[in-house]
Amino acid sequence: MGLLDYKYKGKLGYFLTNIGFELYRFWKYYRIEDEAYLHKRFLNMQGYPLNLAQPKSLNEKLQWLKIHDRRPIYTIFADKYAVRDYVKDHIGEEYLIPLLYSTKNPADIVPENLPDEPFILKANHDSGSFLIVRDKKQIDWKKVRTDCKWWLSKNYYWIDREWQYKDIEPRIIIEKLLIDKNGKIPNDYKVHCINGNVEFIYVAVDREGVNKRNIYDSNWNPLPFSWANKFKDPSKLRGSEIHPPASLERMLALSVEIAKLFAYVRVDFYDVDGQLFFGEITQCHGGGFDQMRPIEWDYKFGEMLKID
C-alpha cells in the first residue's frame, strides 16, 4: 500500500521521513535543469544518448515534446480530477467511472467519509499513488492518511520533467472500483495514438493475477515488442493471448477523437463486461524512459511520429 513503509510513527516520524525524502529529491531532481536532466536520465534508462536536435526514436521524440510542446490545456488532461469535466463535455458522462469522494485534506480520509462498496483511492496529480479497497474495515486508515500526506507533497513533474504535471492542484479522489462478473478488476487497455491514428493497444492483463502486458495492433493482431522499464525482462512480460474487448470499436473511435489534440497520446480505457469506461490520458508513456524491445520498434514508431 502506498510508496513508503514508514519506520517512524507519529508526527515526528512523518516529519523526519519527509525531510529526508525532500533532501533526496533536491539532490536527484531539483538542482538540474530540464534538458540536462533528460539527457542524463535518458542515457541511463535507454542505453543510448538522447539527441534532441535530431530525434529519431519514439522515446527521443517524446523527450522533444516535453521541451517544445507545453500548451496549458495539457495540465487539464494530466489531472485525473479535472479531466473528468473534459470527458463529460466532449465524449460523454456515461464513460466516467463514478466519483464517490474527493478531498485536499488527508485528515478527511476516515471510514465514515468513505463508501461501503469497493473503491480505489488515488492521487489526481501523480502516477502510481493508489490503493485498492475491497473492504474498508480491513484497512489501517492511519497509515493510509500518512501515505496520502506523502502523495500530496509530491510534484510528479520533477521525476520525468513532464511539464503538464507541474501546476496540478493535488487532491485525493475516490472512485468506484470496477469489477467484472468474475469479481476481477478489468484489463486496462492503453490505446497509443500517433498523429491522430491508433497504432497499437497495450493491454495490462489481470493486474491482480498474472499481471502481464500484451500488445496488439488496431485489428487485434499480436505485435512482437515490449515497452517497459529496463529492469523488467521483456521475455516475461507477455501473457497468453486474449480476445479483443466487446467495446473495442467504440474504444478506438473515442481514442482517435481525443488524439486530434496531440502528436502522441495514450488513452486508457476499461471494458467491464462490454461497458466502456474512460481511465486516463497520458502524454508520455513511461516518461519516455521505458525501453522498446526489440529497439527497432522504437525507431519504427519514431519515424511515424511527425513533430514540428
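Numbering of residues starts from 1 in each chain and follows the order in which that chain's sequence is written. Given that the model is predicted, a residue must reach a pLDDT of at least 70 before its local features are reported, and side-chain atom pairs must reach 80 or more before they are shown or counted; all residues, however, enter totals for whole chains, interfaces and linings. The side-chain quantities take in all heavy atoms of the structure and omit both hydrogens and water.

Asks: Summarise the overall build of the protein; cite the residues concerned and give the values.
Replies: Runs of H or I in DSSP of at least four residues are treated as helices and runs of E of at least two as strands, each being numbered from the N terminus. The helix and strand inventory of the protein stands at 9 helices and 11 strands. The C-alpha atoms of the protein give 20 Å as radius of gyration, which agrees with the globular expectation for 308 residues (19 Å, within 12%). Projecting the C-alpha coordinates of the protein onto the three principal axes gives extents of approximately 50 × 50 × 40 Å. Accessible area is worked out with a 1.4 Å probe on protein chains only. A residue is then buried under 20% of its type maximum, exposed over 50%, and partly exposed in between. Relative to its 308 residues, the protein shows a buried fraction of 52%. By sequence separation, contacts in the protein at least 24 residues apart represent 66% of the contacts at least 6 residues apart. Here, Shrake-Rupley sampling with a 1.4 Å probe gives the accessible areas, and only protein chains in the shown set may cover a residue. As displayed, the protein offers around 15200 Å² of accessible surface, 51% of which is attributable to carbon and sulfur atoms. As used throughout, the charge tally considers Lys and Arg to be positive and Asp and Glu to be negative, leaving His and the chain termini uncounted. For this purpose, a charge sits on NZ of Lys, CZ of Arg, CG of Asp or CD of Glu. Averaging the locations of the 46 positively and 44 negatively charged side chains of the protein gives two centres separated by 5 Å. Only C-alpha atoms enter the radius of gyration, while the globule expectation follows 2.2 Å times N to the 0.38, with N the number of residues. Here, residues are in contact when the closest pair of their heavy atoms is within 4.5 Å.

Asks: Give a description of the packing of helix 3 (residues 58-68) against helix 9 (residues 296-304) that names residues and reports values.
Replies: Where helix 3 meets helix 9, the axes come as close as 7 Å, and the angle between the chain directions of the two elements is 50 degrees. With respect to each other, helix 3 and helix 9 are oriented oblique. Together, Leu 58, Asn 59 and Lys 61 of helix 3 and Asp 298, Phe 301, Gly 302 and Glu 303 of helix 9 make up the contact between the two elements. Angles run from 0 to 180 degrees between N-to-C directions of axes, and those axes are lines fitted to C-alpha atoms, restricted for helices to the stretch in contact. With respect to orientation, any angle under 35 degrees is reported as roughly parallel, any angle over 145 as roughly antiparallel, any angle of 65 to 115 as roughly perpendicular, and every other angle as oblique.

Asks: Any chance you could break down the pattern of salt bridges for me, citing the residues and the numbers?
Replies: Whenever Lys or Arg places a side-chain nitrogen within 4 Å of a carboxyl oxygen from Asp or Glu, that contact is recorded as a salt bridge. As enumerated under the stated definition, the model contains 20 salt bridges in all. Residue Asp 188 pairs with Arg 207 through a salt bridge whose shortest N-O separation is 3.7 Å. With Asp 188 in strand 5 (residues 188-194) and Arg 207 in the loop between strand 6 (197-205) and strand 7 (212-216), this residue pair connects regions lying 19 residues apart in the sequence. We classify Asp 188 as buried; its relative accessible area is 2%. When salt bridges with common partners are traced through the structure, they connect Asp 188, Lys 190, Arg 207, Arg 266, Asp 268 and Glu 280 into a single cluster.

Asks: Tell me about the environment of Leu 248, and please be specific about residues and values.
Replies: Assignment of secondary structure puts Leu 248 in helix 8 (residues 248-259). When the C-alpha positions of Leu 248 and Trp 220 are compared, they lie 9.4 Å apart, and in sequence the two are 28 residues distant. Discounting residues that sit within four places of it in the chain, Leu 248 has contacts with Ser 218 and Trp 220.

Asks: Hey, could you go over the state of the cysteines for me, with residue numbers and the actual values?
Replies: A pair of cysteine sulfur atoms is labelled a disulfide when the two atoms are within 2.5 Å. Scanning all chains against the criterion turns up 0 disulfides. In this model Cys 193 remains outside any disulfide bridge; the closest cysteine sulfur is found in Cys 284, 15 Å from its own. We classify Cys 193 as buried; its relative accessible area is 1%.

Asks: Go over the side chain of Ser 226, please, and point to the residues and values.
Replies: Residue placement: Ser 226 occurs in strand 8 (residues 226-228). For Ser 226, a relative accessible area of 9% puts it in the buried group. Setting aside residues no more than four positions away along its own chain, Ser 226 makes contact with Ile 215, Pro 234, Leu 237, Gln 291, Met 292 and Arg 293.

Asks: How would you explain helix 2 (residues 34-46) if you had to name every residue and give the values?
Replies: By definition here, a helix of n residues has an expected span of 1.5 Å times n minus one. Taking 1.5 Å of rise per residue, 13 residues should cover 18 Å, and helix 2 covers 17 Å from first to last C-alpha, within 8% of that figure. Within the sequence span of helix 2, burial applies to Asp 34, Tyr 37, Leu 38, Phe 42, Met 45 and Gln 46. When helix 2 is viewed along its axis, its buried side chains cluster within an angular range of 120 degrees and face the same direction. One or two steps after helix 2, the chain reaches Gly 47, where phi turns positive at roughly 90 degrees. Here the arc refers to the set of directions running from the helix axis out to each C-beta atom.

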